[in-house]
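Okay, here's what each chain looks like letter by letter:
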Amino acid sequence: MYSRIAGTGSYLPRKVLTNHDLAKMVDTSDEWIFARTGIRERHVATDNEVASDLALAAGQRAIANSDLVPADIDLIIVATTTPDMVFPSTACILQSKLGIRGCPAFDVQAVCSGFVYAITIADMFIVSGRAKNALIVGAEVYSRILDWTDRTTCVLFGDGAGAMVLSVSQEPGVLAAKLHADGGYAEKLCVPGWICGGKTIGSPFVQMDGGSVFKFAVGAFEEVAREVLEAAKMSVADIDWFIPHQANIRIMEATARKLELPLERLISTVEHHGNTSAASIPLALDEAVNAGQIKRGENLLLEGVGGGFTWGGVLLRY
Ligand code: UT7
């Protein structure tokens, strides 16, 4: 018994914020942002769009592309750092918006590694016979947790959602998965705020030691790639498409070079999406599927690194 991708979907809010727009808001430039990150533009949700709205649009597309209807879904996992509310989970809100009830629904909070964590969990549900069609969504509205006067962070992130239906299959889909975390790095990338007595204590905005994250990410991406390949008894040459978390083109290309993986096999959407945290991997995956780049039977390596630090990789056959 295996779990395999039945279909994918994604959604981007209509409003686009370009680097030139940002240069009117903070002391930055299109040249600096593009040279350091590969980002030209990002999408930004409207004031009344919440994570579950983005998740709903992406999820509906993934369900339709799987030739299923919402009633077929028997597990919902939403990876998000920017939930609609403190509780209930965005997954429960999404379930209600999909018009279904009863199946387990919960959020995963592993920041930019959230989608890789969610696939791994869904795969365990499916191979153990506890679910048949899992809807997994990465949905983020980072625009809500950015200090728009801080040029070191506000230029990096964007909003969006990506989704996948992982279904039970006789054919291999998920081939290997490895997850990691090291909470010793918590302060390197965080939103160090919480709600207490009706007030926000600490800061409600993203704070980051960019250099430390950069260095850690390149090492972790390489290490976990080798770990999943070894677990699946495969080599770098077997990877048809490498879809890392889309944070920075320099991190992605440095990892590909370390792995000696040709850059033509690297899927990158960071130029138009920015860093959409838990949504970035499924957004990139869906775009590449729709563009006809990724075909059935090809091997995909999905990798995430994010706040925590958390990191992980999933090797799967599409
Ligand atoms: O999902 C994971 C989340 N985070 C990441 O993946 C981030 C990982 N880190 C990075 O992507 C990079 O470290 C950054 C893109 C954040 C920064 O790039 P960098 O090459 O490490 O630049 P830097 O932080 O060393 O800054 C270089 C200079 C500094 O000025 P001085 O000190 O040299 O005078 C910054 O103040 O660039 C300045 N700077 C900016 N200039 C124009 C920082 N942000 C900006 C900006 N526009 N937006």
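Residues numbered from 1 in each chain as written. Predicted model: local features only at pLDDT ≥ 70, side-chain atom pairs only at ≥ 80, totals over all residues. Heavy atoms only, no water.

J.: What should I look at first to understand the environment of Thr152 in this one?
T.: Summarising the element assignment, Thr152 is placed in helix H6 (residues 151-154). As for Thr152 and Met208, which are separated by 56 residues in sequence, their C-alpha atoms are 8.3 Å apart. For Thr152, the side chain forms a polar contact with the side chain of Asp150, separated by 2.7 Å. (Helix = DSSP H or I, 4+ residues; strand = E, 2+ residues; numbered from the N terminus. Polar contact = N/O pair within 3.5 Å; in protein donor to acceptor, adjacent residues only side chain to side chain.)

J.: Where do I start with the sheet that holds strand S5 (residues 105-108) in this structure?
T.: Backbone hydrogen bonds hold the strands of a sheet together, and the pairing may be parallel or antiparallel. If you walk across this open sheet you meet the five strands as S1-S7-S6-S4-S5, and the pairing is mixed. The sheet terminates laterally at strand S1 (2-11) and S5, the two strands that pair on one side only. This sheet shows a mean twist of 20 degrees between the axes of neighbouring strands, independent of strand direction. Relative to strand S6 (residues 133-141), strand S4 (residues 75-79) runs parallel, the two being bridged by five bridges. Looking at the pairing, Leu75 lines up with Ala134 of S6. Contacts from helix H3 (residues 51-65) reach S1, S6 and strand S7 (159-169) within the one sheet, and its direction differs from that of S1 by about 125 degrees. (Pairing = 2+ DSSP bridges. Axes fitted to C-alpha atoms, helices over the stretch in contact; angles between N-to-C directions. Contact = heavy atoms within 4.5 Å.)

J.: Could you clarify how one ought to interpret the site of the ligand in this entry?
T.: Every one of the 22 residues lining the ligand counts as a neighbour, but Thr28, Arg36, Arg151, His245 and Asn248 are closest to it. Residue Arg250 places a side-chain N or O atom 3.4 Å away from an oxygen atom belonging to the ligand. With four residues, the single largest contributor to the shell around the ligand is helix H7 (residues 210-231). Classifying every residue of the shell around the ligand gives 10 nonpolar, eight polar and four charged. (Near = heavy atom within 4 Å. Nonpolar A, V, L, I, M, F, W, Y, C, P; charged D, E, K, R; others polar.)

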